[in-house]
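# Observations on the model geometry
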2 protein chains.
Amino acid sequence: MDVRQLRMLRELAERGSLSAAAAALHLSPSAVSQQLAALQRAAPVPLTEKRGRRLALTAAGQALAEAAVDVAAALDRAERAVQEHLESPAAPVAVCAFHSAARAWFPPLLEAVAAAGGPPLRCSDHDVAQDDFPRLVADHDLVVAHRPSSGPPWPRRTVRVVPLLSEPMLVAHSAQHPLARSRTLRVADVADQPWIGVHEGYPLAGALQAVAVAAGRPLEVVHRINEFFVAAAVVATGRAVALLPAHTTHPDPRLVLRPLEDLDVRRSIDVLCRPEALHRRSVRQVLDLLHAVAAPPAA
Amino acid sequence: MDVRQLRMLRELAERGSLSAAAAALHLSPSAVSQQLAALQRAAPVPLTEKRGRRLALTAAGQALAEAAVDVAAALDRAERAVQEHLESPAAPVAVCAFHSAARAWFPPLLEAVAAAGGPPLRCSDHDVAQDDFPRLVADHDLVVAHRPSSGPPWPRRTVRVVPLLSEPMLVAHSAQHPLARSRTLRVADVADQPWIGVHEGYPLAGALQAVAVAAGRPLEVVHRINEFFVAAAVVATGRAVALLPAHTTHPDPRLVLRPLEDLDVRRSIDVLCRPEALHRRSVRQVLDLLHAVAAPPAA
DNA sequence: AGCGGCCCTTTAGCATCGCTTCATGGACGT
DNA sequence: ACGTCCATGAAGCGATGCTAAAGGGCCGCT
């Protein structure tokens, strides 16, 4: 039972002649005639009959034509099904972020989305090696990722990148640290300090590398700590310095965060997603709210 | 949006892998892959994605697959639509009969069909030239027709013929007629009477012709009257004789109806219909009841 | 880590199908 | 009786959907 043939039957029913139906379908009368003949083969009783020189439907044909209406309607709905899914506010939106971004933005984002009557959120934190961030888009609609601004960009082929924030990376040292005495900080001032770096391959490894390049020699990395709040606690002991993000680091009276005068070290915080993810209205809405939430304080 | 492609998508959703879907559809995996690719072209977002080495549906694909269920259901209903129409007790059955049959059987048939909970009836009387009876099946499900038993049969090619009754044709003459004095009636007795015939081409013309043939000479047909009750009234005047059917003629004390001893003149009363008309349960039911109603009195 | 198997995709080639054009045969109106 | 309109059938062509075979990714096994 072919949909095209059913459509032809309906057209014949409504137009009253095979020629008119063919014209409406942009086909030759012969084509319609042949297809109706094929449809007839599957039916035990005649569906059409000649009335004068026109072709008309029998009662059985009319019964079939009426059933064909439902088929066409169901097909219409199927064609819209994907689009409706894209517009649907009921489907959850999965967001993931690296730890510090998650800590800073998940709470206000959940509030904002709820306040806006947005979709249900599925939040999860994932801190992975830089190369692994793009793969997270397979399981999450929006992936908040970061990388050193000086490093290699995200692979534009496979993921869409929406910039969220460009955040300065500051040198963090203890308030009691000798560096605290100098008014400004330069690369040369910190090049010989014991550093806290991140694990190999993790996003901000390149940031510290930029300092080393500017200093002209390798830095002494004595600790490898990915979590900024852990690193901050170690920095507070005064036994090492670290590069910490300006905005997303929790204020701590025991720490001093200062920029390097002669080197602009930054990290880029971006939202990665599959291109098709942005087709979903809900995902766009969450992304917009994420932008609002992540906007650096006006002050 | 092709139904076959939607079916493949559903099968993929339910079987969990393209190969399994292909096997279920009795197709090669390649065919399914190509058709799904074609379906994908019509969608703005991916419908499938590789999960491990299997192919799985995305959320959008699942939305479409669900819509495809309705399409399949509607198609199923369409395929049954014709059959259901054939079984439907609601569709009216159109019956037509020549006048005397209509007068005799329409009332009891209506009663019988109503008593049996049968379909609504559309009765109409049509007395037409013999050649025109077969054409009536275009507008009526059942056509009660008659013809001289000795004449040409109905065209079996175009219509189905269901015998209803074989009815003797009797010579009708006035009770006061000289013929009333003879104990039996033979062809020779009536060959010289003034006859009432039917109009040219009408079904029972051939019956009178049979008498003429037996007599070996043309009969003198002084009146041409199709309606038996009109003919009966004229016969009652004693001025002419006629051939009238044995059972469907209304009893009249002024008339005598007697068979010819040496010639069996009969008419066949048949039901004509299109072959497909008998596919309808309702039509068969009415036909059965018509048989019961038309059964000659047991006496 | 290497390897074999499973699964999906791609390509090429083939059979079928559906369409158009052209020709034929009825039915209607003039 | 003719011309017109309508539906159908035959022939041919292009498109489509299939199979088979080759290719590549992913997994599990050793």
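So, here's what we can say about the structure. Note that the coordinates shown come from a computational prediction; the quantities given were computed from them, not determined experimentally.

## Considerations on the packing of aromatic side chains
All names here are of chain A. Tallied over the full model, the rule gives two aromatic pairs over all chains. Centre to centre, the rings of Phe 133 and Trp 154 are 5.9 Å apart; their planes meet at 80°, and the pair counts as edge-to-face. Within this pair, whereas Phe 133 is found in the loop between β4 (121–125) and β5 (142–148), its partner Trp 154 is found in the loop between β5 and β6 (160–174), the two being separated by 21 residues in sequence. Here the two residues Phe 133 and Trp 154 agree in accessibility, since each one is buried.

## Some points on the packing of helix α1 (residues 3–15) of chain A against helix α3 (residues 29–41) of chain A
Each pair of packed helices gets described by two things: the angle between the helix axes and the distance between those axes. All names here are of chain A. It is the contact of α1 with α3, at a shortest axis distance of 9 Å, that shows an interaxial angle of 110°. Judged by the inter-axis angle, α1 sits roughly perpendicular to α3. Both α1 and α3 take part in a crossing whose hand is left-handed. Judged by residue contacts, Gln 5, Leu 6, Met 8, Leu 9 and Leu 12 of α1 engage Val 32, Gln 35, Leu 36, Ala 38 and Leu 39 from α3. Taken together, the residues of the contact of α1 with α3 sort by class into eight nonpolar, two polar and no charged.

## Topic: helix α7 (residues 205–215) of chain A
The complete set of buried residues in α7 of chain A reads Ala 207, Leu 208, Ala 210, Val 211, Ala 212 and Ala 215 of chain A. Phi turns positive one or two residues past the end of α7 of chain A, at Gly 216 of chain A, with a value near 85°.

## Focus on the protein's contact with DNA strand C
Around DNA strand C there are 21 residues in total, and Arg 4 and Ser 28 of chain A together with Leu 18, Ser 19 and Arg 53 of chain B lie nearest to it. What you see for DNA strand C is that sugar and phosphate hold 65% of its atoms within 4 Å of the protein. Here a phosphate oxygen of DNA strand C sits 2.7 Å away from a polar atom, N or O, in the main chain of Ser 28 of chain A. In this structure, Gln 35 of chain A approaches DNA strand C through a side-chain N or O atom, which is 3.4 Å from a phosphate oxygen. Listed by contribution, the elements that provide at least two residues to the surface near DNA strand C are α1 and α3 of chain A together with α2 (18–24), α3 (29–41) and β2 (54–57) of chain B. At four residues, the largest contribution of residues to the surface near DNA strand C is made by α3 of chain A.

## Focus on the protein's contact with DNA strand D
Taken together, 20 residues surround DNA strand D, and among them Leu 18 and Ser 19 of chain A together with Arg 4, Ser 28 and Ser 30 of chain B come closest. Considering DNA strand D, the proportion of its atoms within 4 Å of the protein that are sugar or phosphate atoms stands at 69%. Within the backbone of Arg 53 of chain A, an N or O atom sits 3.0 Å from a sugar or linking oxygen of DNA strand D. Within the backbone of Leu 55 of chain A, one N or O atom sits 3.2 Å away from a phosphate oxygen of DNA strand D. Mapped by element, the contributors of at least two residues to the surface near DNA strand D are α2 (18–24), α3 and β2 (54–57) of chain A together with α1 (3–15) and α3 of chain B. Here the element with the most residues in the surface near DNA strand D is α3 of chain B; it accounts for four residues. Tallied by class, residues from the surface near DNA strand D come to five nonpolar, ten polar and five charged.

Analysis parameters
Residues numbered from 1 in each chain as written. Chains lettered and ligands numbered in written order. Predicted model: local features only at pLDDT ≥ 70, side-chain atom pairs only at ≥ 80, totals over all residues. Heavy atoms only, no water. Phe/Tyr/Trp six-rings, centres within 6.5 Å; stacked < 30°, edge-to-face > 60°. Helix = DSSP H or I, 4+ residues; strand = E, 2+ residues; numbered from the N terminus. Buried < 20%, exposed > 50% of the residue type's maximum accessible area, 1.4 Å probe, protein only. Axes fitted to C-alpha atoms, helices over the stretch in contact; angles between N-to-C directions. Parallel < 35°, antiparallel > 145°, perpendicular 65-115°, else oblique. Left-handed = near helix turned anticlockwise from the far one by under 90°. Contact = heavy atoms within 4.5 Å. Nonpolar A, V, L, I, M, F, W, Y, C, P; charged D, E, K, R; others polar. Near = heavy atom within 4 Å. Polar contact = N/O pair within 3.5 Å; in protein donor to acceptor, adjacent residues only side chain to side chain.

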